[in-house]
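Summary of structural features
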Protein chains: 2
Amino acid sequence: MAKWVYLFKEGDASMRNLLGGKGANLAEMTKLGLPIPQGFTVTTEACTDFYEKGRKITDEVREQIFEALRKLEEEQGKKFGDTEEPLLVSVRSGARASMPGMMDTVLNLGLNDVSVEGLANKTGNPRFAYDSYRRFIQMFSDVVKEISAEKFDEIFDGIKEKKGVKLDTELDADDLKEIISQYKALYKEEMGEDFPQNPEEQLMAAIEAVFKSWDNPRAIYYRRMNDIPSDWGTAVNVQAMVFGNMGEASGTGVAFTRDPATGENKLYGEYLMNAQGEDVVAGVRTPHPMSDMKEENPDIYNEFVHYAEKLEKHYRDMQDMEFTIEEGKLYILQTRSGKRTAHAAIKIACDLVDEGLITKEEAVARIDAKSLDQLLHPTFDEKALKEARLLGSALPASPGAAAGKVYFTAADAKAAGDRGERVILVRTETSPEDIEGMHAAVGILTARGGMTSHAAVVARGMGTCCVSGCEDVKINYAEKYFTIDGETVKEGDYISLDGSTGNIYLGDVATVEATISGNFDRIMHWADEIRTLKVRTNADSPADAANALEFGAEGIGLCRTEHMFFEEERIPKIRRMILSKTVEEREAALAELIPYQKGDFKGIYEVMKDLPVTIRFLDPPLHEFLPTKEEEIKGLAADMNLSVEEVKATIESLQESNPMLGHRGCRLSVSYPEIAKMQTRAVMEAAIEVKQEKGYNIVPEIMIPLVGEKKELKYVKDVVVETAEAVIAEKGVEIEYHVGTMIEIPRAALLANEIAEEADFFSFGTNDLTQMTLGISRDDAAKFLDSYYATKIYESDPFARLDQSGVGQLVQMAAEKGRTAKPNLKLGICGEHGGDPSTIEFCYKVGLDYVSCSPFRVPIARLAAAQAVLNNK
Amino acid sequence: MAKWVYLFKEGDASMRNLLGGKGANLAEMTKLGLPIPQGFTVTTEACTDFYEKGRKITDEVREQIFEALRKLEEEQGKKFGDTEEPLLVSVRSGARASMPGMMDTVLNLGLNDVSVEGLANKTGNPRFAYDSYRRFIQMFSDVVKEISAEKFDEIFDGIKEKKGVKLDTELDADDLKEIISQYKALYKEEMGEDFPQNPEEQLMAAIEAVFKSWDNPRAIYYRRMNDIPSDWGTAVNVQAMVFGNMGEASGTGVAFTRDPATGENKLYGEYLMNAQGEDVVAGVRTPHPMSDMKEENPDIYNEFVHYAEKLEKHYRDMQDMEFTIEEGKLYILQTRSGKRTAHAAIKIACDLVDEGLITKEEAVARIDAKSLDQLLHPTFDEKALKEARLLGSALPASPGAAAGKVYFTAADAKAAGDRGERVILVRTETSPEDIEGMHAAVGILTARGGMTSHAAVVARGMGTCCVSGCEDVKINYAEKYFTIDGETVKEGDYISLDGSTGNIYLGDVATVEATISGNFDRIMHWADEIRTLKVRTNADSPADAANALEFGAEGIGLCRTEHMFFEEERIPKIRRMILSKTVEEREAALAELIPYQKGDFKGIYEVMKDLPVTIRFLDPPLHEFLPTKEEEIKGLAADMNLSVEEVKATIESLQESNPMLGHRGCRLSVSYPEIAKMQTRAVMEAAIEVKQEKGYNIVPEIMIPLVGEKKELKYVKDVVVETAEAVIAEKGVEIEYHVGTMIEIPRAALLANEIAEEADFFSFGTNDLTQMTLGISRDDAAKFLDSYYATKIYESDPFARLDQSGVGQLVQMAAEKGRTAKPNLKLGICGEHGGDPSTIEFCYKVGLDYVSCSPFRVPIARLAAAQAVLNNK
């Protein structure tokens, strides 16, 4: 028979997966001899079993719960529902990872009309007993039965008003009895049955509520944001009550062994005498800093510091502890590794290394890689934020905080930026045409599009804050305003965006600039010593490249050439190329683009010096380059000596039903080899010139996108090689160059052994590979992904975290097949996933050579790559 | 050293792959002792080698050619380019499969200014010699050097005019010498060099030309249409000339051992005395039927009949033979299994079985499955067709021939159809809204969309002729006309479409109705005895289902429920469902649809009786159901009590960037489970009612589309099962039902083992699976597939013939993984590929249980399924 329930004294810290973090630590502290109110833990396996059985707790689990309860009663010398020595317990959730969003706590469970008298008798404090009972009814009703707490507050306030008192403490036992009576009536009205008097029934309801709360929308959302699998489940801790509200010799508090905001090595926390935990949280009275206790109650303080130091040394990490003082006796209710800011995390990790408590490897393993984002981008001033009006929330598409004036077109945004204004660009969605407006903006808000929409990808590349896919935003372009949450925001009005949380605020919220400490460099240096994966960056300009180099990038894994064509001077030339009717016309138009492309590449080579640079050839469908506005179409027609109708006909003929699966990528070079020729010439001439001018050893890597068949790659590669050899011959300079391909079409992964024969390297384009493998257009996914999260079909955004079992299967297959055909094949990833820690670990495990991500994610990737090594030792 | 060249006497019929069909048969006939002008064959491997070496014939091959030539000279006692006994040869291509489109023949090769004198001396017939030489120069220039034959004709006609004669035979030797002189001058002008006088140089140029012709666009097109791989290559046959133009005792002809049009067992063919093969083809003189020879030259006739019978018995198939009579002696130049109409193929196969020459299995194996289309659809009257003006050609999307008046909207088409007109619906592309107009049409022409576009799929389902993707068609909807090839076709004008060839003709071309013979049933019956794959059909209505049953369908593999919603009465209701703002509104709207859906299903069950019916739940994105025209939007708004803006906003909000990868398939049921509930109720109530009313054993198969994840299928399946069980309980009737899924997303194939745990069956949706695995939108593919064919990257349309190495790999993987998890998992295919013979063979090999295809393809599938067994014995 499976063991579903453990007494605290039966467990220890190593049993975290089974007992949850809270349960395992309570067991460990019991073992360490700390003063812990005893109790038992219902395991995470019982939670999983609950769901497997169709949300039912089996009799077997139930029996083990009551068996543990009997032992607890025996040990405490108290009895559940007893008139003389009633046992009261708290019931709390406790998952493997600390997880807000779930049911938190029910206190004072076990009270009923009978045991409340027992408690009154035993403590000689009827007011305390009835106060505990009314708290319990309200908390149980709220947390377990989801009856709105406000309804109870109304009753409570009504009695206070009737009595003409202001403070809760001014109510006496009889008032509280009246309140209890009204509370029970409310409960019956809401639930259609009496408030449960049987403590066992109360307990089972509370345990069931904890299990169910594992699956509420907030918890699902939190798991998705933090890569926590839904099959972990939560444990439930049932613990004998101790009371901080038994008088002035009692109290309760929370403390951290170090400052969780700064990392400073100093006890940090607050407490409140004659209170239960909820009073501290509710803010009815202001808690005191721990330093006060040192003076007011030095014995308890010293005892607490003793435990705190013991626990920090024992766990070798900063601890977050809850404690209660019951009539002068200190109890520890909980300890856990404390949540901290990224800044504090880095300082604490470095300090613990310096204190000899942990190794450098442990320090590296301790930092949440994703949290580094906080250090690299501005954040909102916390005080200012509290006063700001939240308008809505959408996808945290590119981190950082920004406030500025709203503009609705790229042109308006650019003009305002030129005037020196801080600009927030608000668009239904962005397209490559908007690039200059995006550059001018400090923040970007879109109504449509996911984490890997155009807006999101470009914003991350530029390090600009972006919130995407806010479907509540309804834009009226004609009259230049948008509405959200009943508010109308006009052009020029201030809004503020938090790209790390996805929140949208009204007004000009103050921001705080990012600062990077010396400790950050220490951690990065240690990470670099550990990791084996190289970290490259996705950068399309010398500025992006320089930025990424500062963050430690070791090359460019993806240089997208199409972004280069959208600048004002260049776009007419690419349009001319698209509208050409003969190969000759097209070649002539392309010839005009060579100097620009060459200039771009030279700039990038000069920044990157001897580091590798992978240049991806033209990828998007050609219609993305064509104008959509009547006026621009007319201009283009005049420019090209064509009729407006002809230009419109071309634009129309290039429209596609599913552009993602259309005429793009290497398909363009198969139809128009002259495009590949032009790009090859620009790449090679730039490389040779920089080599000659600066003496760097440039080895260009040309990457052919959207390949699905070996012959297709060979066809384009033949064009590239022929052109490259011609340039080499013209210039008379020997230069090495590589030609490889993206693996982004499922078929390319399935036939990677064949494709590898023609490729010097593979780079996994996991954005497109995810779209095609899952059959989900990332631009349209927002329409239904929420239903998928709500139903737990998906637990994370497949465009942010690689779908390892599906897409990952193809990546692994392609890596193996590719290396079988060509053992020295270089393998990398350049999709958005390249900056996601869990994906980086996957890349390490399947043996890739490098990951490539946007410049601001390079430090995250360096850290995650080191953690991947440590996790898989 | 490889052997690249075989003398005829070194080979036999079994060496077809190496020597090509023509070469192998010449060798076989040599072995049989027939009078064959001797020669040698350059192998297909030499052709492949030619391409591998960058279109070069290696010295090794060249040496073997001349070695064989020397042996031929010796045997014939003649010498290449000799003044006394010149050896002349013909050079012909000959691939493994007979293949029009390649270079055909060069006759009289070996003639030059010297050997022509030798020929004149030896034959004592200078006119014959110079005539042969001028023919050779023209043919060599045309076929090998691609100089337009017309330019030679001009010279020839000029001399005739100058001499004032009408017939070629009226020119004498001197005239011909003059012609030769002018021909050579023309050659020099065109080629910048003298006409080659060295016979060896002539020979190598001709062989090279044959090799190159393997890769000309016509040959590539033919291969694509007939599933011939490009790496087969062609052989080249070099054969000593015999002359049918040496006088009245000489002649040439072509004959079939049976009638290739009807299959009648009777020698059929024609011949011409004093002529070379080209004269028969050119139609300068009218050839005589073979029956004339019987009277005019009974000895030769009887000898020929003797050989014909011998060859037919030997090859056990109808033969297509070429022969030449040189001064009274009969030579056989070629024999091959003759091309024949589908009608003749069936008759001949049955007759050969009855004659005891072949087995039933061989008869089944002999019929080209694809050709059966001809028997099931009307065709154009051949005589009428010759007079029709061809306007253009596009994709043969749905077979058959049709002529009618042009209409441009579904409504106009329907109105005209109601008036009794024959209607051709011409659209840029069709959408589900056009369904009634498509039903009213006898033919459909679209300017956009591939073989599996909406128009194509629906047309094939209905058995209506369709030509799709004709990009030359430019429609002006406003003024109701289209232009093509300089012609303007207005509403009401007649055009004619051949859906089997893709041709578009001007005017009302007469058609001939299809007729099916008793022999057809015999072949089908034999095929049924052999095959193990079941054949189902894709049918959405009782009429389609009844049609398919007549063609031998054994169930419905795909019943698409969305087509049912487009009828006039129903579409407002589905629109109301889409515009609903609450679950209750949506349920109310859906409730109104139940009676219609139930009626549809009852109709289908009643037709199919005890046969299985697989019903696919709603698949397309919802925006496909919404109106696009201002007027209809207004109507809908009024109907729904909404503002026009609200309706427009909903339409706008449902727009998708890539609808193929959007909110569709089971994703609809995850967002709106009430849709699945409604459909389940309709399916189950219909099944139970038909079971009760008619006593059939109905076992509904409910198919969930677009599944990519086990939890997704489970979620929808739970809704289905809950509803189905509720209906069963309400009705109090036990009924079996199955719930399965489409495998059409790559991830579903990769995780088929997991998905199988929730599925009773898999049906491979290879249309979507192809789109996603290859990353190609079928609606947009026409834009670039032509470049892919031209560059030989693709050899066939992946939407018509399954990409076995890519998509097939996923199908096989899914079949294996699925059966590993659930050994009795039923597997089928319901994509368009289910009617393609090569795909059917693949399905047989990977162990599927059934294929499902459009009704008119059912006989093809039955035959192909039998051939799959025979090919893999």
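Residues numbered from 1 in each chain as written. Chains lettered and ligands numbered in written order. Predicted model: local features only at pLDDT ≥ 70, side-chain atom pairs only at ≥ 80, totals over all residues. Heavy atoms only, no water.

**Details of the interface of chain A and chain B**
Facing the 52 residues of chain A at the interface are 50 residues of chain B. For the pair chain A and chain B, the summed buried surface comes to about 4,400 Å²; carbon and sulfur atoms form 54% of the total. Applying the counting rule to chain A against chain B returns six salt bridges. Here Arg-747 of chain B ties to Asp-803 of chain A by a salt bridge, and the two come within 2.6 Å at their closest N and O atoms. Counting across the interface, chain A meets chain B through 36 residue pairs in polar contact (both at pLDDT 80 or more). Mapped by element, the contributors of at least two residues to the side of chain A that touches chain B are α25 (644-654), α26 (666-671), α28 (710-731), α29 (746-750), α31 (766-774), α32 (782-790) and α33 (807-821) of chain A. (Contact = heavy atoms within 4.5 Å. Buried area = accessible area lost by both parts, 1.4 Å probe. Salt bridge = Lys/Arg side-chain N within 4 Å of Asp/Glu carboxyl O. Polar contact = N/O pair within 3.5 Å; in protein donor to acceptor, adjacent residues only side chain to side chain. Helix = DSSP H or I, 4+ residues; strand = E, 2+ residues; numbered from the N terminus.)

**Here we look at the pairing of strand β8 (residues 251-256) of chain B**
Residue and element names in this part refer to chain B. β8 sits mainly inside the fold: five of its six residues count as buried. Here β8 runs beside strand β9 (residues 268-273); their pairing, made up of six bridges, is antiparallel. Paired with Ala-255 across the bridge in β9 is Gly-269. When β8 meets strand β11 (residues 319-326), the two strands line up antiparallel, connected through six bridges. Each bridged residue has a counterpart across the sheet, and for Ala-255 the counterpart in β11 is Met-321. (Buried < 20%, exposed > 50% of the residue type's maximum accessible area, 1.4 Å probe, protein only. Pairing = 2+ DSSP bridges.)

**Observations concerning the nonpolar core**
With 235 residues, the main nonpolar core has Tyr-605 and Ile-704 of chain A together with Tyr-605 and Ile-704 of chain B as its most contacted residues. Apart from the residues within four sequence positions on either side, Ile-704 of chain A is in contact with Phe-617, Cys-666, Leu-713, Val-716, Val-720, Val-739, Gly-740, Thr-741 and Met-742 of chain A. Grouped together as the second largest cluster of nonpolar side chains are 74 residues, Val-42, Phe-128, Phe-152 and Ile-207 of chain A included. (Core = buried A, V, L, I, M, F, W, Y, C linked by side-chain atoms within 4.5 Å.)

**Examining helix α2 (residues 44-52) of chain A**
All names here are of chain A. Taken as a whole, α2 has its buried residues at Thr-44, Ala-46, Cys-47, Asp-49, Phe-50 and Tyr-51. Check the buried side of α2 and you find it contacts α1 (16-31), β2 (39-42), α3 (59-76), α8 (199-213) and β7 (234-240). Following α2 by one or two positions, Gly-54 adopts a phi angle in the positive range, close to 75 degrees.

**Some words on the pattern of salt bridges**
In a structure, side chains of opposite charge can pair up when their charged atoms sit close to one another. All names here are of chain B. Under the criterion given, the structure shown has 143 salt bridges over all chains. Glu-758 is paired through a salt bridge with Lys-717; the nearest N and O atoms lie 3.5 Å apart. Linking Glu-758 in the loop between α30 (752-756) and β31 (761-764) with Lys-717 in helix α28 (residues 710-731), this pair joins segments that are 41 residues apart in sequence.

**Overview of the sheet that holds strand β22 (residues 487-490) of chain A**
All names here are of chain A. The three strands are arranged β20-β21-β22 in an open sheet whose pairing can be described as antiparallel. The open sheet is flanked by β20 (474-476) and β22, the only strands paired with a single partner. Put simply, the sheet's adjacent strands are angled 20 degrees from each other on average, direction ignored. Strand direction decides the pairing type here: β20 and strand β21 (residues 481-484), joined by three bridges, are antiparallel. Each bridged residue has a counterpart across the sheet, and for Ile-475 the counterpart in β21 is Phe-482. (Axes fitted to C-alpha atoms, helices over the stretch in contact; angles between N-to-C directions.)

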